[in-house]
Amino acid sequence: MSQKGCVVHLVVMLLAVVLPLTTRASGKQLVRTTRVKRQVLDGEGPMGNDTLKEQPFVFNHVYNINVPLESLCSIELDSTPGRGARTEVEPPPPEYVEQTSDMDGQVTFTHRISIPKQACACPSTSTIQQLASRIEVLEREVSLLRAQCGSGCCGESAAVGRLDFIPQCSGHGRFSMDVCGCVCDVGWTGKNCSEPRCPGDCSGQGVCVEGECVCDGDFAGENCSEPRCPSDCSGRGLCVDGECVCEEPYGGEDCSLGRCLNDCSDQGVCVNGTCRCNPGYLGEDCSLAPCTTNCSQKGTCKKGTCACPEGFVGDDCSLVAPPVNLRVLDITEHSIELDWEGSIVLTDYLVTYAPTSPGGVQLEIRVPGNLTSCAIPELEPGIEYNINVYAVLNNLISVPLSAQVSTYLSSPEGLVFKSITETSVQVQWEPFSYSFDGWEISFIPKDNEGGMTAQLPSSITSFNQTGLRPGEEYTVNLVALKDQSRSQPVTATVSTLIDGPTQLMVRDFSDTVAFVEWTPPKAKVDQILLRYGLVGVDGPKTTFRLQPSLSQYSLQVLRPGSQYEVAVSGVRQGNESNAVTAQFSTAIDAPKNLRVLSKTSTTLELEWDNSEVEVEGYRVVYSTLAGDQYDKVIVPRNDGPTTRTTLTDLVPGTEYGIGISALLGVNQSSPATMNARTGLDIPIDLTVMASTDNTISLLWGPVSGPIDHYRVTYTSSSGVTKEVVVHKELTTATLTDLEPGTEYTITVTAQRGRQQSSAATIDAFTGLRPVTQLYFSDVSSNSVTVAWNAPAPPADMFILNYSPQDGGDTLEVTLEGSKTQAMLSGLLPSTQYLVTLIPLQHTMTSEPVTGSVVTGMDPPRDMAVSYVTEDSVTISWTQPVAPFDYYKMSYHVRPEQVDNVVIDNNVTNYTFSNLHPATEYEINLTAIHGSQESEVATATFFTAMDMPMDLMALNVTSQGALLRWTPPLSSVDVYVLTLTYNQAADTILVEGTEQEHLLSNLIPSTSYSVALYATNGPLTSGIVIANFATPMDAPQNLTASEVNHRSALISWQPPIADIDNYMLTYKSADGNRKELILDGEDTWIRLEGLAETTEYTVRLQAARGLETSAVVSTTFSTGKFLINYIRLHLISFTQPNLATASSVICEIWSFLFSPRKPAVSHTPELRPAPAQWGVPQRGLHHLCEQGPQSGCAGVLRHGHRWWRLDCECLRVELDVVMGNSAAEWGLLLVGLYGE
């Protein structure tokens, strides 16, 4: 910004602070100073010129100077009387003013220093000098400030001080330090905002003078923005956008010319206020013109234009007003109903119609002028027609109002399903009798996913749709096609058959279990039916109802070694698919509980429980674990519960793997396996070869099988035991350092690792030792073991005799000299025997040694269990041979003993009661004779399960029932429920924790028998049976349709059960009641003769014999009869001389009246229709209009005679009277058609 442009009113006050020269401690006080703003006087230099528009910068420097108080100096720029002032008037103090004006910059620096004279007399001259020096310094600073402000804009070097004054910019703006000048308000300008601004700055097309625009020559307006009109419109108009809007009656570009009337109606030229009209126009304003053809004598000519009367149109009113707004109200297969708008003065309307296809015949209908609708009857279905509606007025006809309308195609009929499979449906329907393009058939599934549509030629009337989903309900729509038209569809629903499970496979089957697996059906099914049973066995199959998501099932508790047939099918809404079947045979069950009864070094005695299947025998396979010995043997099956065999010729001390399989024909069960080890071979033939006073020489036979060594143990009679280890290759040993005359017990065993064979034992003496005593052990009812010490030296043989003490045969046994014991068998129970042993040494016989022993009591035999119930059992047996006093019987609930029972000796059976159901018991029976007790006879058994009780069927409906029972006391794994009906049976498994089961999908009106038993492991309870019968199911979906004022169609779905008939009752609201007996095959009936506007209640019940179903009901209300239209057929004819004429000529008129239109009583002008009909000589036959006719009436006229005719049918026949004279005949038929 230039220095000239910086116009600012500014007061800068520089405060010079003079430090006090004295302090308060010296008693001095500071002089009060005040700050004033100096006003510029009018007469002061150039600043007093008020004509200048630019005000100067004014810098007022006010200096407040502190002077010593002791001199009572005071400095005040404004002299005011008061404190410390003298009373006498003194001249004012001298005032030093320095003023610097810069006219270019308009900056004024005023320095006003006023020092009162009172201060001059102050004694502190030195202080004054100091003040003066400081003032000089301030002056230099002010000069420097002035130089800075004079060199540029004030904002470039800001002065230091206080702002006491801000310029007001003439009151029309604000001073901005940013721009160092005034920012003017809108409408003002100039450096100090003192000049008014012109609007729009005169648009650059004028000069602004004191706030007003002085426009250039071609412009005008407040802001010179408007173009100027020529001659300023001569003072006779307004200038608008440079054009003159002239006052009346002036015109021209500048409103200087006179104006013609109505501007000559734009049909002429205005010349000096007078119109010169164009050819064909006249009048003062050229507004008059002649009408063409004088409006055809029908209208009024107004300003050259014809105003036509009602019913006529056109420039000359020569045309009849055509109808407008042609609408199609209704379309059927054989009719089109039209509606339009037209003049009320028309005579009538002519409706013509013809097919759009070539060769079509045009027909027409006359409609009275007061009607604006008609129905075109007797059309062909699916045909497009050109329809023209003409207005007729006084024999004049209008241009047509046209439309192209197609009748509906007939809805297909007779849609039936010829065949239905899982994936296809064959459909058949009736053909059309007229030409059309083709058919479209669609199959839409219930879920609207994956529908199929096919278009077929018109000659096709059957179609086989494949690729459907099994078990799916489809909606079948069939429509006829022609051009772009489609008929109303005929619709039916069909469900494809359920596809059954496929790829049935039985695998992983064993003796009692088989795993059945199948591929689920593609269709959605409610459940899977699995049936199985023995092949060749009559009777119901075991049936399981499974969840539809299952694709496998494990058949349990099968009979081993049996052939089964299994069938799997799907069920949906009571419909069962075809079943897929398979046969399989269960394996032979393996023997159980394989065990070793006894073993030696070369034998293993085995026993096992027989298979359930009556097998022929068992294959026993055994081999060493190393596989170096393998053998097999066939063992016949024993008749009892177990079978035994002994494996011989085994290797001592060797572990064998044994497998036993059951055999039946070529079939073999899985093996029962075990491992068993033979014992080490016992050293045999242990003998004393020699004996001295302190040695004994021994000899034994070598053992078979591997061993580590022999161990010889010898114990003296004093109890001292010693042993000797003998190398495995040696079979002799000499015991040394023995005591003379001492008996030693010597044992020899073979050892291999930890295994030790049984011991070979012998007694020997050092020196000579005879046999002195017999020892008896293992005494039983029929055997006893006799033992003795070996003599020394050894005997060559022994002779053993034994016989009953009370007499009897003596038996003798010869034994080798190495023997030290023998078993006597075949003894009598409870008998004392005398036993004598005679040693033989060479040819010498030693003294016999005698002993006696009493055999034990024989136990009860043939113990059997019978009559087992859930709380009792009967035990029977055969008495022992030996005499006894009584029996002692105990029974145990393993492992706890329960009780003991004493039974008389003459009893051979006993019944236990109060037992626990489904519990295993062990029975022990012994015979007692004094203190002697026989061996124990043992039997084990399970008590039977207690069966469920109080089985009953509750809430029995036609298709369901709730079974409920009281559970048994014993725990239950599974309940087996067998439902028998109609020579069929279903088996259902129910969890053992349940006490009820809901039966569903039952057959109505059927007797059922329910058998229920419980299972717990191998145990089954008794069977509880209940019977019930499902009631007859009621008809479904009772519906009233096609209800009008006199009739209604009642339809329903039949029940599932077979029935004889239906009882249908319908009752009106006023109590009028009727009852009908309908055939059991019926599924609908039309009720006729009903009362109008009446509510009816219909009740339907099925019956078979004396049994009836539940009642279903529905209600409906009849409507009110309304006349939709009246069709009149007027037939007039003249009978000529019948001897010469062969036919009668008829003229026919047809009119349609609607009671819902106001012009019901209008009498039309009868005009002959264009058609002529030939009538037979002997009679006139007229077929009434087809449709729901409520009544008809006729009037017959012959000459001047009239007859009234009544008809109740759809056909009227009238015979023509024969004669030679001609007469005029007339027949008026009136048909009333209603809802």
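From a predicted model like this one, the values you see are computed outputs, not experimental measurements.

S.K.: Mind showing me how you'd approach the overall build of the chain here?
M.R.: For the chain, the helix and strand inventory stands at two helices and 103 strands. A fraction of 57% describes how many contacts in the chain between residues 6 or more apart in sequence connect residues 24 or more apart. Accessible area of the chain: about 67,600 Å², with a carbon and sulfur share of 49%.

S.K.: Even after reading the chapter, I still don't get the state of the cysteines, so can you show me in this structure?
M.R.: In protein chemistry, a disulfide is the covalent bond that joins the sulfur atoms of two cysteines. Evaluated as defined, the whole model comprises 13 disulfides. Across the disulfide, Cys 184 is cross-linked to Cys 193 (sulfur-sulfur distance 2.0 Å). Between Cys 184 and Cys 193 the disulfide shows an S-S torsion of about -95 degrees. By sign, it is left-handed. Cys 184 sits in the partly exposed class, given a relative accessible area of 25%. Across a sulfur-sulfur distance of 2.0 Å, Cys 308 and Cys 317 are joined as a disulfide pair.

S.K.: Help me out: how do you make sense of the packing of aromatic side chains in this one?
M.R.: For any two aromatic rings, the description comes down to two numbers: the centre-to-centre distance and the angle of the planes. According to the stated counting rule, one finds 25 aromatic pairs in the structure shown. Aromatic pair Phe 544 and Tyr 553: ring centres 5.2 Å apart, planes at 40 degrees, arrangement tilted. Site record: aromatic cluster; members linked through ring pairs are Tyr 532, Phe 544, Tyr 553, Tyr 564 and Phe 584.

S.K.: It is not clear to me how the sheet that holds strand E28 (residues 373-376) should be interpreted in this structure. Could you clarify?
M.R.: Working definition: the strands of a sheet are paired by backbone hydrogen bonds and lie parallel or antiparallel to each other. The strand order E24-E25-E28 describes an open sheet built from three strands, whose pairing is antiparallel. In this open sheet, the two edge strands, each paired with only one partner strand, are strand E24 (324-331) and E28. Along the sheet, successive strands turn relative to each other by an average axial angle of 20 degrees, direction set aside. Where strand E25 (residues 336-341) lies against E28, four bridges are found, and the strand directions are antiparallel. Its bridge partner being in E28, Asp 339 is matched across the sheet by Ser 373.

S.K.: Looking at this structure, how should I read the confidence of the model for the chain?
M.R.: Atom-level detail of predicted coordinates should not be read off regions where pLDDT is low. In the predicted model, the chain carries a mean pLDDT of 77, and 78% of its residues have values of at least 70. Contacts from residues 100-106, a stretch scored under 50 in pLDDT, to residues over four places away or in other chains number 19 contacts.

S.K.: Would you mind going over the pairing of strand E36 (residues 462-465) with me for this structure?
M.R.: For a regular strand, the rule is simple: side chains alternate between the two faces of the sheet. Of the two faces of E36, only the one carrying Phe 463 and Gln 465 is buried; Ser 462 and Asn 464 on the other face are not. Here strand E33 (residues 425-428) pairs with E36 via four bridges, running antiparallel. The residue bridging Gln 426 from the neighbouring strand is Asn 464, located in E36.

S.K.: How do you make sense of a negative patch on the surface when you look at a structure like this?
M.R.: Residues Glu 226, Asp 241, Glu 243 and Glu 253 make up a contiguous surface patch of negative charge. Of note, Glu 226 is situated in strand E13 (residues 226-227).

S.K.: Is there a simple way to explain the sheet that holds strand E32 (residues 416-420) in this structure?
M.R.: Strand order in this open sheet of three strands is E32-E33-E36, and the pairing throughout is antiparallel. The open sheet is flanked by E32 and E36, the only strands paired with a single partner. Across this sheet, the average inter-strand angle for adjacent strands is 20 degrees, counted without regard to direction. Here four bridges tie E32 to E33, and the two strands are oriented antiparallel to one another.

S.K.: What exactly am I supposed to notice about unusual backbone geometry here?
M.R.: Most peptide bonds take the trans form, and the phi angle of most residues other than glycine is negative. The backbone phi angle of Cys 224 is positive, close to 60 degrees, even though this residue is not glycine. Its location among the elements puts Cys 224 in the loop between strand E12 (219-220) and E13. In this structure, Asn 325 is a non-glycine residue whose phi angle is positive, near 55 degrees. Note on placement: Asn 325 falls in strand E24.

S.K.: How do you make sense of the pattern of salt bridges when you look at a structure like this?
M.R.: Pairing of side chains with opposite charge becomes possible as their charged atoms draw close. Scanning all chains against the criterion turns up 25 salt bridges. We note a salt bridge from Glu 614 to Arg 637, for which the minimum N-O separation is 3.5 Å. With Glu 614 in the loop between strand E49 (604-609) and strand E50 (617-624) and Arg 637 in the loop between strand E51 (630-636) and strand E52 (642-647), this pair connects stretches of sequence that are 23 residues apart. Looking at Glu 614, the relative accessible area reads 58%, which means it is exposed. Between Arg 964 and Glu 996 there is a salt bridge, and its shortest N-O distance comes to 2.9 Å. On the criterion of sequence distance, the pair formed by Arg 964 in strand E81 (residues 961-966) and Glu 996 in strand E84 (residues 996-999) is long-range, its members being 32 residues apart. Residue classification places Arg 964 among the partly exposed residues on the basis of a relative accessible area of 36%. Put simply, Arg 595, Glu 605, Glu 607, Asp 609 and Arg 644 are held in one network by salt bridges that share partners.

S.K.: Would you mind going over the environment of Val 568 with me for this structure?
M.R.: Checked against the element boundaries, Val 568 lands in strand E45 (residues 563-572). Judged by relative accessible area, Val 568 falls into the buried class, the value being 0%. Considered as a pair, Val 568 and Leu 529 are 39 residues apart in the sequence and their alpha carbons are 5.6 Å apart. Apart from residues no more than four positions distant in its own chain, Val 568 is found in contact with Pro 501, Leu 504, Trp 518, Ile 528, Leu 529, Leu 530, Asn 578, Ala 579 and Val 580.

S.K.: Which parts of the structure should I look at to understand the pairing of strand E85 (residues 1007-1016)?
M.R.: Summarising burial for E85: seven of the 10 residues are buried, a large majority. Bridge count between strand E82 (residues 974-981) and E85: seven bridges; the pairing is antiparallel. Following the sheet pairing, Leu 977 is matched in E85 by Leu 1012. Here E85 runs beside strand E87 (residues 1024-1029); their pairing, made up of six bridges, is antiparallel. Counterpart to Ala 1011 in the pairing with E87 is Ile 1025.

S.K.: Got a minute to help me understand the environment of Gln 1101 in this structure?
M.R.: Note that Gln 1101 resides in strand E93 (residues 1095-1104). Sequence spacing of Gln 1101 and Val 1112 is 11 residues, and the spatial spacing of their C-alpha atoms is 6.6 Å. Beyond its immediate stretch of four places on either side in the chain, Gln 1101 contacts Asn 1061, Tyr 1062, Met 1063, Thr 1108, Ser 1109, Ala 1110 and Val 1111. In this structure the side chain of Gln 1101 is engaged in a polar contact, spanning 2.8 Å, whose partner is the backbone oxygen of Ser 1109.

Definitions and cut-offs
Every chain begins its residue count from 1, and numbering advances along the sequence as written. Given that the model is predicted, a residue must reach a pLDDT of at least 70 before its local features are reported, and side-chain atom pairs must reach 80 or more before they are shown or counted; all residues, however, enter totals for whole chains, interfaces and linings. Side-chain figures throughout are based on the complete set of non-hydrogen atoms in the structure, without hydrogens or water. Elements are defined by DSSP. Helices are runs of H or I of four residues or more, strands are runs of E of two residues or more, and each kind is numbered from the N terminus. Contacts are residue-level and defined by heavy atoms, with any inter-residue pair within 4.5 Å sufficient. Calculation of accessible area relied on Shrake-Rupley with a 1.4 Å probe; when residues are assessed, cover is drawn exclusively from the protein chains displayed. In what follows, a disulfide is any cysteine sulfur pair within 2.5 Å. The buried label applies to any residue whose accessible area, calculated with a 1.4 Å probe on protein chains only, is under 20% of its type's maximum; exposed applies above 50%, and partly exposed to all values in between. Stacked, tilted and edge-to-face pairs are distinguished by plane angle, under 30 degrees for stacked and over 60 for edge-to-face with tilted covering the rest, among Phe, Tyr and Trp rings (Trp via its six-membered ring) whose centres lie within 6.5 Å. For two strands to be treated as a pair, DSSP must find no fewer than two bridges joining them. Axes, fitted as lines to C-alpha atoms, cover a helix only where it is in contact. Angles between the N-to-C directions of the axes lie from 0 to 180 degrees. The predictor's confidence in any single residue is recorded as pLDDT, a number from 0 to 100. Patches draw on residues past 30% relative accessible area with no salt bridge. Two like charges within 9 Å are joined, as are two nonpolar side chains (Val, Leu, Ile, Met, Phe, Trp, Tyr) within 5 Å. Put simply, a salt bridge is a Lys or Arg side-chain nitrogen that is within 4 Å of an Asp or Glu carboxyl oxygen. Within this scheme the basic residues Lys and Arg register as positive and the acidic residues Asp and Glu register as negative, but His and the chain ends are omitted. To locate a charge, the coordinates of NZ of Lys, CZ of Arg, CG of Asp or CD of Glu are taken. In protein, a polar contact means a hydrogen-donor-capable atom and an acceptor-capable atom, both N or O and within 3.5 Å, with residues adjacent in sequence counting only if both atoms are side-chain atoms; elsewhere, any N or O pair within 3.5 Å suffices.

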